[in-house]
Amino acid sequence: MPHDNSYTGQEFKVVGNRFARPDGVDKVTGRARYGADASAPGQLVARVLRSPHAHAKITKIDTAKAERLSGVKAVITSDDLPDLTGGDRGMADILENCMARGRALYDGHAVAAVAAVDEQTARKALKLIKVTYEVLPHVTDVDEAMKPEAPVIHDWVFTGGVNPQPTKPCNVANRTEMGHGDVDAGFAQADVVIERSYKTEQTHQGYIEPHACLASVNSDGSAEMWVTTQGPFSYRTVCASLLGMDLAKLKVTSSEIGGGFGGKTHVWAEPLALALSRKANRPVKLVMTRDEVFRATGPTASTSIDVKVGAKKNGEITAAELELRYQGGAFPGIWGMLGCMTGFACYDIANQRSVGWDVIVNRPKVAAYRAPSAPMAAYAVESIMDVVAEEIGMDPVDFRLKNVAKEGAQAPYGPIYGPIGIESALNAVKENPHMKVKLKKNQGRGVACGFWFNIGGQTCVDLNIGTDGSVNLAVGTVDVGGARSSMGMIAAEELGIDYEDVKVHVADTASLGHNDTTEGSRGTFSSGMATIFAARDAIEVLKERAAQMLDVPKESIQWENGTASATGAENSNLPTLTLKEIAAKSHNTGGPIAGHNEVTADGAGMGFAAHICDVEVDPETGLTKILKYTVVQDAGKAIHPDYVEGQFQGAAAQGIGWALNEEYVYGEDGRLQNPGFLDYRIPVCSDLPFIDTMILEIPNPNHPYGIRGVGETSIVPPLGAVGNAIANATGVRMNHAPMSPIRVLEALDRAGVSGDQVSAG
Amino acid sequence: MSEAVLVSTTVNGDVVEFACPTDEVLLDSLRDRVGLTGVKEGCGTGDCGACSITLDGQLVCSCLVLGVEADGRDITTVEGLTEDGELHPLQQKFIDHAALQCGVCTPGFLVAAKALLDRNPNPTETEIRYALAGNLCRCTGYDKIVRAVQASAKELNKARR
Amino acid sequence: MRYESPATTKEAVALLSKEKGPAFVIAGGTDLLVRMKSGLVEPALLVDVKRIPAMTTIKVMQTGFRVGAAVSGAELGAHKALGKAWPGVVEATNLIGSDQIQGRCTMVGNLCNASPAADSVPALIAAGAKAAIVGKQGRRTAAVEKIITGPGSTSLAKGEVIEALTLPKSSRRTGDAYLRFTPRTEMDIAVVGVGISMTLERGIIKKARVCLGAVAPTPILVPAAADTIIGTKLDDAALAALAAACSDACDPIDDKRGTAAYRIRVAGVLARRVATIAFQRAGGAA
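What counts and how
- Each residue is numbered by its place in its chain's sequence as written, counting from 1.
- Key to labels: chains lettered from A, ligands numbered from 1, both in the order written.
- Note on the predicted model: pLDDT of at least 70 is required for a residue's local features to be given, and 80 or more for side-chain atom pairs to be given and counted; whole-chain, interface and lining totals, by contrast, use all residues.
- Each side-chain value is worked out from all heavy atoms of the structure, with water and hydrogens disregarded.
- Here, residues are in contact when the closest pair of their heavy atoms is within 4.5 Å.
- Buried area is understood as the total, over both parts, of accessible area removed when two parts are fitted together, assessed with a 1.4 Å probe.
- One side-chain nitrogen of Lys or Arg within 4 Å of one carboxyl oxygen of Asp or Glu is enough to make a salt bridge.
- Polar contact criterion, stated in full: a pair of N or O atoms within 3.5 Å, where within protein one must be able to donate a hydrogen and the other to accept it, and residues adjacent in sequence count only if both atoms are side-chain atoms.
- Secondary structure follows DSSP: runs of H or I at least 4 residues long count as helices, runs of E at least 2 residues long count as strands, and numbering of each begins at the N terminus.
- Residues are sorted three ways: Asp, Glu, Lys and Arg are charged, Ala, Val, Leu, Ile, Met, Phe, Trp, Tyr, Cys and Pro are nonpolar, and all the rest, Gly among them, are polar.
- Partly exposed residues are those whose accessible area sits between 20% and 50% of the maximum for their type, while under 20% is buried and over 50% is exposed, using a 1.4 Å probe and protein chains only.
- Should DSSP find at least two bridges between two strands, the strands are taken to pair.
- Handedness of a crossover is defined as follows: with both strands directed away from the viewer, a clockwise route from the first strand across the helix to the second makes it right-handed.
- For patches, a residue must show more than 30% relative accessible area and have no salt bridge; joins then use 9 Å for like charges and 5 Å for nonpolar side chains, namely Val, Leu, Ile, Met, Phe, Trp and Tyr.
- Computed with a 1.4 Å probe, the accessible areas rest on the Shrake-Rupley method; for each residue, only the protein chains presented here act as cover.
- Only four residue types enter the charge count, namely Lys and Arg as positive and Asp and Glu as negative; His and the chain termini do not.
- Think of each charge as sitting on NZ of Lys, CZ of Arg, CG of Asp or CD of Glu.
- Pairing of aromatic rings covers Phe, Tyr and Trp, the last counted by its six-membered ring, and requires centre-to-centre distances within 6.5 Å; plane angles under 30 degrees mean stacked, over 60 mean edge-to-face, and any other angle means tilted.
- The criterion is that NZ of a Lys, or CZ of an Arg, lies within 6 Å of the ring centre and within 35 degrees of the ring normal, and then a charge sits over that ring.
- Only the stretch in contact is used when a helix axis is fitted, and all axes are lines through C-alpha atoms; the angle between N-to-C directions ranges over 0 to 180 degrees.
- Residue ranges for the domains originate in an automatic or database domain assignment.
- To sort the angles, those under 35 degrees are grouped as roughly parallel, those over 145 as roughly antiparallel, those from 65 to 115 as roughly perpendicular, and the leftovers as oblique.
- Crossing handedness: left-handed means the near helix sits turned counterclockwise from the far one by under a right angle, and right-handed means the same turn made clockwise.

K.L.:
Any chance you could explain the interface of chain A and chain B here in plain terms?
P.N.:
Of the residues lining the interface, 54 residues belong to chain A; the matching set on chain B comes to 48 residues. At the boundary of chain A with chain B, total buried surface from both sides reaches about 4,000 Å², with 57% on carbon and sulfur atoms. For chain A, the biggest contributors to the area lost against chain B are Val28, Cys685 and Phe690 of chain A; these three give 20% of the whole. The tally of links between chain A and chain B comes to 4 salt bridges. Note that Lys144 of chain B and Glu645 of chain A form a salt bridge whose closest N and O atoms lie 2.6 Å from each other. Remark: the boundary between chain A and chain B carries 24 residue pairs in polar contact (both at pLDDT 80 or more). Listing elements by their share of the side of chain A that touches chain B, those giving two or more residues are α1 (24-29), α4 (119-128), α18 (641-660) and β26 (691-696) of chain A. If you tally residues by element for the side of chain A that touches chain B, the top one is α18 of chain A, at 9 residues. A class-by-class count of the residues in the side of chain A that touches chain B yields 26 nonpolar, 17 polar and 11 charged.

In structure tokens:
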């Protein structure tokens, strides 16, 4: 394998094992406390009134009747949230998204909120608020929104990234272009040039726990918030900024989090809970309904994509072009740019160009969803890869290998790759027994690749050693999938103690320095790095204490397997000291023993995956069944293999749901028609087979343990893998995801290969 | 405002009384009045199974039962699966097999899986998948959950022999 | 909201008749509570029928079966004799929702909710089921196909309740089946549903009833489709004619769950599959 070997072959004692998670018992007994599970004395219940219109001017909000209802303690509108953003456009967008300011921008946009003594009173109060709307023309489709005749949603949006900048406002917020080489020359060299267009529909993260918080603002301006979030520190920053509070006076505690996948990186109703609490001078609990989660919290973008690939007969891609249109909901986003960065990232293409457009529509503000923007771009790229391979008569895996990105290749967004795992993943796919399973009639197999950057970022941890030698590790990234186990294992590995002697907890914002949000697959990479450094920091203290106890200079103490010993022949008669022994004497040797680390974790290792998918398509109904699925992904180093596999499997399942059935359905009236788990069809247990996994470990040279983030990459390939499998089964190429039975049957009909026509013959 | 009624019921073996409005669902009664927050609300419409309980031994979504309907009935929630401080084999296998990530769906899965194994001690993979189709999990892709249920069935059957 | 749980059907009828505001029967509650939560209905009175013995039992009679209105899907699925006689009806009911929903949902609730896509209804209609109705004026019986009059509306008068459904006695030569199409394997609403029952005589279909769901404002009984297979051994020509007749009978709409064109196509596809199963169950030779 062509990669840097410096971290290969590290010997680990704890890391790589499969320990029980520290929060396991709490979670299987119902004791774990999530966002909605906290209560405070005298707490009120909050409910939010939401716009039934896709786009409307709010001419009047009459809250008098609601305020007079017995049991109602506060009613707020945007008047209670004055704009303190001081020209920060991004922050102003968040404020406006939390509560409409004169205009409702999408179905579900918050218009007013109440806090009352109980749920029934709060609901009744909502009905007493009279909002006068003047309905405006709306647009929800990305291609429609780009047309000159489309209703313009914001008069302050002038397309960025084009020269000269337009003087007329429009719904296109931004254009991004990147690439390298000479695309025209590249296409001229090609034997085959193929162009295709694809569409993907909007999907939601679909975490099972709705957004929930308990906010309490005191009359002295200090406040606390218990909330389900991926980023307690960023929630604190945003809420404090929107409400004009000091950071230090707002303590945010992240509850156990019932899934996030990017959707809990962003505040939605939390500032409203704080504003209500401030106005009512009582604690306020705000829990969204599922309907609100779908209508008013960040789904991912829907897209429309054109892709063009030129290749020689020998399989070499000479040029490639992508044009990506992403709708970001009612506010500008960065989604087109991320699409440009990721689309061709698995391949080494000398001449390539990607253009991304960010488009505003009357839908909820788009938030990150697991490898945001990458799955859509990959759907287009991985689909056309199969089309080109077929055209030139090459095996699709071999065609990918022929063009695969290796160390030294240039990423679409500029940098030169270090050691990366996509070639190894494709080779592992080729050798996988899955590829040899025989397919029957109406069955097909598809392979697709995926890439995600992974990030690092600001991180800090505290490691405190108790007098009995047990260890508390406080981290500031939240545990969304077993991270406390991994952190505990890393701390135990470094200190040379048992995993069971480390207890990890997620600290609140008052107990630890700033930590960036747990996103971008950064948790294990970044907090793992900080944990290693904090443990090493503690070891220095332990060595110093041991030196005192043994009465030798610190320089002569060495730390091995959780024990201090003095080096040198003259010290051979001295005892060795275990961590526990040193801790027990700490009160005599200088007090508590701790390690800290504050770091901006750089050098996140890129994540690459290749998936194999087998399907069976019913030619009479268009129904696609997933028969077998295999994920191969590079983890750098798998700290806790169970939870690495769990990330692979969960990401693949989300991708499969997107590929087959998940989509936002908007009516002509611009209202979301399926804001519930009945008609927004995430995969159920009987929809899926076991998802086989293979963990590759190509160490990230920038991490002491070689860790790469693993959380997101595997949501990227499934759209392409499923599409390729359907094409292999039916001979028909799907260009619109989800590839629902209706779309598949329509495509089979167009191609004249649907079951009815076959059986009619 | 709906009138409140007094409900007397058995929850995890204990007699419990609470007063609730007639239109309050049992999920809210259990969470807010009995204090059993292991019963989770994921949807409130019977589509996610996070609020699964058994009512007189029958698996139901507590969001689709009125609190008042529980009068005189026998309820088991996830909090009632543990016996004398010992985890139920399903609970232990869920931990052993890493069958939970965020864990918010876990209480519902455990109650549903127990109802399945009580009724069918030897389910096939397909039977497990269909029996748990009313419980949504967004983290795991269900793989490790199904394996944990299979392992639990094996262990429970061994204990029975 | 007032909640009552009377012990007899008569009391239930009296309560419902007297109430001036919106009054509802709650059996399983799996549709009603969802509608209450979303604010679509605000009952003044709920009458819980689960403590009425006549509504909570399945009776095997000389003439067939009598299934109480409050019998849950799970109880129905566990009834061996009923499952043997009318497997299509039981399977259709068991398709509603998850195991959790099965613990509560009832056929009569499914019927009175009056959704065009109700799973149990096409199977019940195909099987020739009848509703035993009790009202202030006394008792009456109506064929199940006469109950639903449109999406969300029924022919029941104020105060009337369905106490039970009756299914005729089934012979060894009778077979029924129901299939629905949904994008997911479970937890989904029928995009199309087809229920068929048939009786054979010397291997030839003598009687048949075909009912389609989710392709019109109500489930529709399609005699013209039944005619295409009566007198046949369900050969390929009969199946093709059946499919065409079912597709012809559809009067569907485009909605979030499917397009009209898709429903028309798949109604025919499912009809063929359902007829094949029912034929085998009736002892027909493939």
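Continuing now.
K.L.:
Can you help me understand the pairing of strand β25 (residues 624-634) of chain A in this one?
P.N.:
It is a general feature of regular strands that their side chains alternate between the two faces of the sheet. Residues and elements named next belong to chain A. Among the 11 residues that make up β25, 8 are buried, leaving the element largely enclosed by the rest of the structure. Note that strand β24 (residues 607-617) and β25 share 9 bridges and pair antiparallel. Across the sheet, residue Asp614 finds its bridge partner in β25, namely Lys628. With antiparallel pairing between neighbouring strands as the criterion, β24 and β25 make up a hairpin whose turn holds 6 residues, including Gly622 at a positive phi of roughly 80°. Where β25 lies against β26, 6 bridges are found, and the strand directions are parallel. Paired with Gln633 across the bridge in β26 is Ile695. On the question of chirality, the crossover connecting β25 to the parallel β26 by way of α18 is right-handed.

K.L.:
Is there a simple way to think about the interface of chain B and chain C in this case?
P.N.:
In many analyses, interface size is given as the accessible surface area lost on bringing the parts together. Listed as interface residues are 33 residues of chain B and, on the opposing side, 25 residues of chain C. In total, chain B and chain C occlude about 2,200 Å² of area from one another, counting both sides; carbon and sulfur atoms represent 58% of this. Of all residues in chain B, Leu64, Glu69 and Tyr130 of chain B give up the largest surface area on contact with chain C, accounting jointly for 26% of the area buried on that side. Viewed at the interface, chain C and chain B are joined by 4 salt bridges. Note that Asp99 of chain C is salt-bridged to Arg119 of chain B, the shortest N-O span being 3.0 Å. Along the contact surface separating chain B from chain C lie 9 residue pairs in polar contact (both at pLDDT 80 or more). At the level of elements, β3 (52-55), β4 (58-61), α3 (106-119) and α4 (125-131) of chain B are the ones that each hand at least two residues to the side of chain B that touches chain C. Looking at the side of chain B that touches chain C, the element that brings in the most residues is β4 of chain B, giving 4 residues. Residues belonging to the side of chain B that touches chain C are distributed by class as follows: 15 nonpolar, 10 polar and 8 charged.

K.L.:
Explain a positive patch on the surface here, please?
P.N.:
Where like charges cluster on the molecular surface, the positive patch consists of Lys60, Lys65, Arg68 and Lys130 of chain A. Here Lys65 of chain A is to be found in helix α2 (residues 64-68).

K.L.:
Sorry if this is basic, but what is going on with the packing of aromatic side chains here?
P.N.:
Aromatic ring pairs: the centre-centre distance and the angle between the two ring planes describe each pair. Going through the model one piece at a time under the given rule, you end up with 17 aromatic pairs over all chains. A cation over an aromatic ring shows up here: Lys308 of chain A above the ring of Phe187 of chain A, its NZ or CZ 4.3 Å from the ring centre. Taking NZ or CZ as reference, Arg147 of chain B lies 3.9 Å from the ring centre of Phe690 of chain A, over its face.

K.L.:
What is the right way to look at the side chain of Lys50 of chain C in this model?
P.N.:
Here Lys50 of chain C is to be found in the loop between β3 (45-48) and β4 (58-61). There is a polar contact of 2.5 Å between the side chain of Lys50 of chain C and the side chain of Glu69 of chain B. At 2.6 Å, the side chain of Lys50 of chain C and the backbone oxygen of Ala27 of chain C are in polar contact.

K.L.:
I tried to follow the sheet that holds strand β19 (residues 502-506) of chain A on my own but got confused; where do I start?
P.N.:
For sheets, the rule is that strands pair by backbone hydrogen bonds, running either parallel or antiparallel. All names here are of chain A. Taken together, 4 strands build an open sheet; the order of strands is β19-β18-β17-β23 and the sheet is mixed. Strands with a single pairing partner mark the edges of an open sheet, and in this sheet they are β19 and β23 (593-601). Taking each pair of neighbouring strands and ignoring which way they run, the sheet shows an average axis angle of 15°. Pairing of strand β17 (residues 457-465) with β23, which is carried by 9 bridges, proceeds in the antiparallel orientation. Within the sheet, the bridge partner assigned to Leu463 lies in β23 and is Gly595.

K.L.:
Would you mind going over the sheet that holds strand β1 (residues 44-50) of chain A with me for this structure?
P.N.:
Residues and elements named next belong to chain A. Pairing is mixed across the open sheet formed by 7 strands, whose spatial order is β3-β5-β1-β12-β9-β10-β11. Both outer strands of the open sheet, β3 (72-76) and β11 (250-254), are each paired with one neighbouring strand and no more. Taken pair by pair, the neighbouring strands of this sheet meet at an average axis angle of 20°, ignoring direction. One ladder, built from 6 bridges, connects β1 with strand β5 (residues 110-116); its direction is antiparallel.

K.L.:
What's the story with the domain arrangement of chain C in this structure? I'm lost.
P.N.:
Residues and elements named next belong to chain C. Each domain of chain C was delimited in the assignment, giving domain 1 (2-168) and domain 2 (174-281). Each of domain 1 and domain 2 was reduced to a C-alpha centroid, and the two centroids are 24 Å apart. At the junction of the two partners, domain 1 supplies 26 residues and domain 2 supplies 23 residues. Buried surface at the junction of domain 1 and domain 2, summed over both partners, amounts to about 1,900 Å²; 61% is from carbon and sulfur atoms. Inspection of the region where domain 1 meets domain 2 yields 3 salt bridges.

K.L.:
Could you clarify how one ought to interpret the packing of helix α12 (residues 396-403) of chain A against helix α13 (residues 422-431) of chain A in this entry?
P.N.:
Packed helix pairs are characterised by how far apart their axes lie and by the angle those axes make with each other. Residue and element names in this part refer to chain A. Two numbers describe how α12 lies on α13: the axes approach to 10 Å, and their chain directions differ by 160°. In terms of orientation, α12 lies roughly antiparallel with respect to α13. Where α12 crosses over α13, the handedness of that crossing is left-handed. Together, Val397, Asp398, Arg400 and Leu401 of α12 and Glu423, Leu426, Asn427 and Lys430 of α13 make up the contact between the two elements. Of the residues contributing to the contact of α12 with α13, the split by class is 3 nonpolar, 1 polar and 4 charged.

K.L.:
Can you walk me through the pattern of salt bridges in this structure?
P.N.:
Working definition: two side chains of opposite charge can pair if their charged atoms are close together. Residue and element names in this part refer to chain A. For the structure shown, the criterion picks out 74 salt bridges over all chains. For Glu177, the salt bridge is made with Arg175, and the minimal N-O distance between the two is 2.9 Å. On the basis of relative accessible area, Glu177 is assigned to the partly exposed category, the value being 43%. Lys637 is the partner of Glu697 in a salt bridge, and the nearest nitrogen-oxygen pair spans 3.4 Å. Separated by 60 residues along the polypeptide, Glu697 in the loop between β26 and α19 (718-730) and Lys637 in the loop between β25 and α18 bring together distant segments of the chain. In this structure Glu697 comes out as partly exposed when scored by relative accessible area, which is 38%.

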